[in-house]
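What follows is each chain in one-letter form.
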Amino acid sequence: MTAWERLQIVREKGRPTIRDYLPLLLEDFVELHGDRLYGDDAAILGGIGSIGGIPVTVIAQVKGRDLKENQQVNFAMPHPEGYRKAMRLAKQAEKFHRPVLCFIDTPGAYCGIGAEERGQGEAIARSMLELMELQTPVLSIVLGEGGSGGALALGVCDELAMLENALYSVISPRGFASILWKDAAREQEAADLMRITAEDLVELGVAEAIIPEPSGGAHNDLQKTAKAIRAYILETLPKYIKLPIAKLLENRYDKFRKIGVFTEK
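Residues numbered from 1 in each chain as written. Predicted model: local features only at pLDDT ≥ 70, side-chain atom pairs only at ≥ 80, totals over all residues. Heavy atoms only, no water.

Engineer: How would you explain the packing of helix α2 (residues 18-25) against helix α11 (residues 222-241) if you had to name every residue and give the values?
Structural biologist: Interhelical geometry of α2 versus α11 gives an angle of 65° and a closest axis separation of 9 Å. The element α2 and its partner α11 pack so that their crossing is right-handed. Of α11, the residues touching α2 (which contributes Asp20, Tyr21, Leu24 and Leu25) are Leu222, Gln223, Thr225, Ala226, Ile229 and Arg230. Split by residue class, the contact of α2 with α11 holds six nonpolar, two polar and two charged. (Axes fitted to C-alpha atoms, helices over the stretch in contact; angles between N-to-C directions. Helix = DSSP H or I, 4+ residues; strand = E, 2+ residues; numbered from the N terminus. Left-handed = near helix turned anticlockwise from the far one by under 90°. Contact = heavy atoms within 4.5 Å. Nonpolar A, V, L, I, M, F, W, Y, C, P; charged D, E, K, R; others polar.)

Engineer: So what's going on with the pattern of salt bridges? Which residues, and what values?
Structural biologist: Using the criterion set out here, one finds 23 salt bridges in the structure. The residue Glu27 makes a salt bridge to Arg230 at a minimum N-O spacing of 3.0 Å. Remark: Arg230 occurs in helix α11 and Glu27 occurs in strand β1 (residues 27-32); sequence separation between them is 203 residues. Classification of Glu27 as partly exposed rests on a relative accessible area of 29%. The shortest N-O distance in the salt bridge between Glu122 and Arg84 comes to 3.1 Å. With Glu122 in helix α6 (residues 120-133) and Arg84 in helix α4 (residues 80-95), this residue pair connects regions lying 38 residues apart in the sequence. (Salt bridge = Lys/Arg side-chain N within 4 Å of Asp/Glu carboxyl O. Buried < 20%, exposed > 50% of the residue type's maximum accessible area, 1.4 Å probe, protein only.)

Engineer: An account of the side chain of Arg15 is requested, with residue identities and associated values reported.
Structural biologist: Examined against the element boundaries, Arg15 turns out to sit in the loop between α1 (3-10) and α2. Residue Arg15 is classed as buried on the basis of its relative accessible area of 6%. Among the polar contacts made by the side chain of Arg15, one reaches the side chain of Glu213 at a distance of 2.9 Å. If sequence neighbours within four positions are ignored, Arg15 has contacts with Ile9, Val10, Leu143, Gly144, Leu163, Glu213, Gly217, Ala218 and His219. (Polar contact = N/O pair within 3.5 Å; in protein donor to acceptor, adjacent residues only side chain to side chain.)

Engineer: Tell me about the nonpolar core, and name the residues and values.
Structural biologist: Core analysis: the largest hydrophobic core is formed by 61 residues, its most contacted members being Val58, Phe103, Ile141, Tyr168, Ile229 and Ile233. Of all the elements, α11 adds the most residues to this core, at seven residues. Among residues more than four places away in sequence, those in contact with Ile229 are Tyr21, Leu25, Phe103, Ile141, Leu143, Leu163 and Ile211. Core analysis: the next-biggest nonpolar cluster, separate from the first, contains ten residues, Val10, Leu167, Ala177 and Ile196 among them. (Core = buried A, V, L, I, M, F, W, Y, C linked by side-chain atoms within 4.5 Å.)

Engineer: Mind laying out the environment of Leu7, listing which residues take part and the relevant values?
Structural biologist: Its location among the elements puts Leu7 in helix α1. Judged by its relative accessible area of 1%, Leu7 is buried. Linking Leu7 and Asn165, residues 158 residues apart in sequence, is a C-alpha distance of 7.6 Å. Beyond its immediate chain neighbours, meaning those up to four positions away, Leu7 contacts Glu145, Leu167, Pro173 and Glu187.

Engineer: Which residues make up unusual backbone geometry, and what values go with them?
Structural biologist: One non-glycine residue, Ala76, adopts positive backbone phi at about 65°. For Ala76, the position within the fold is in the loop between α3 (67-72) and α4. Despite not being glycine, Ser148 shows a phi value in the positive range, around 65°. By secondary structure assignment, the location of Ser148 is in helix α7 (residues 148-152). Of the residues examined, Ser148 reaches a relative accessible area of 26% and is grouped as partly exposed.

That's the geometry; what it means functionally is another story.
Here it is in structure tokens:
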């Protein structure tokens, strides 16, 4: 399928969100709230639990399944306090030697005046910096939309996986079309040019793994999709847990340094 067709799938009203997946992925999950600076942000969910007997910290962007839920979570567009909550929990995970699981699903960070006044850009930049240096394994999984800096803030990791129909990009197709052609109506054309599908990103070395979805998308079989995500985590996490911290950080740094490298013929 084209990137545009996949975009329609991930924007399906019934597509599962992190709140659908969590009970099927983790045992004994406890949600934690607040950044200890300003407040809580419903657009980012964080907490602790275990998967296959491995204690983990979860940091996830939350989409709503209907208009009411989307209003409660600001349409999955985090504020600065959301990213600061995420980093508070990441540092706690580091202290207790828990791996971090990040779940990405956002059209982008919230760009309202209040968010800018409270340091949205700094919060995203610090999130990327602290995840790069975090002394515990980090896995990131793109569940649907991975848009702009709002997604990149949780995308600094040891390994990035994407659901089969997920998209991951530095800007949304609509934003791309608006900037490049001054015409947001060319969103479909932009999506198909940007190389933002899971296959594209594995080929480009940005992502390492593709998690299969049922035919037609994850909403057609939640249990099957959750089982595939859980299997990926249980297969992947142990190899990073076994690595010495110095080697883990070296590999993480090298992963990002090689992105964008190309050879001209």
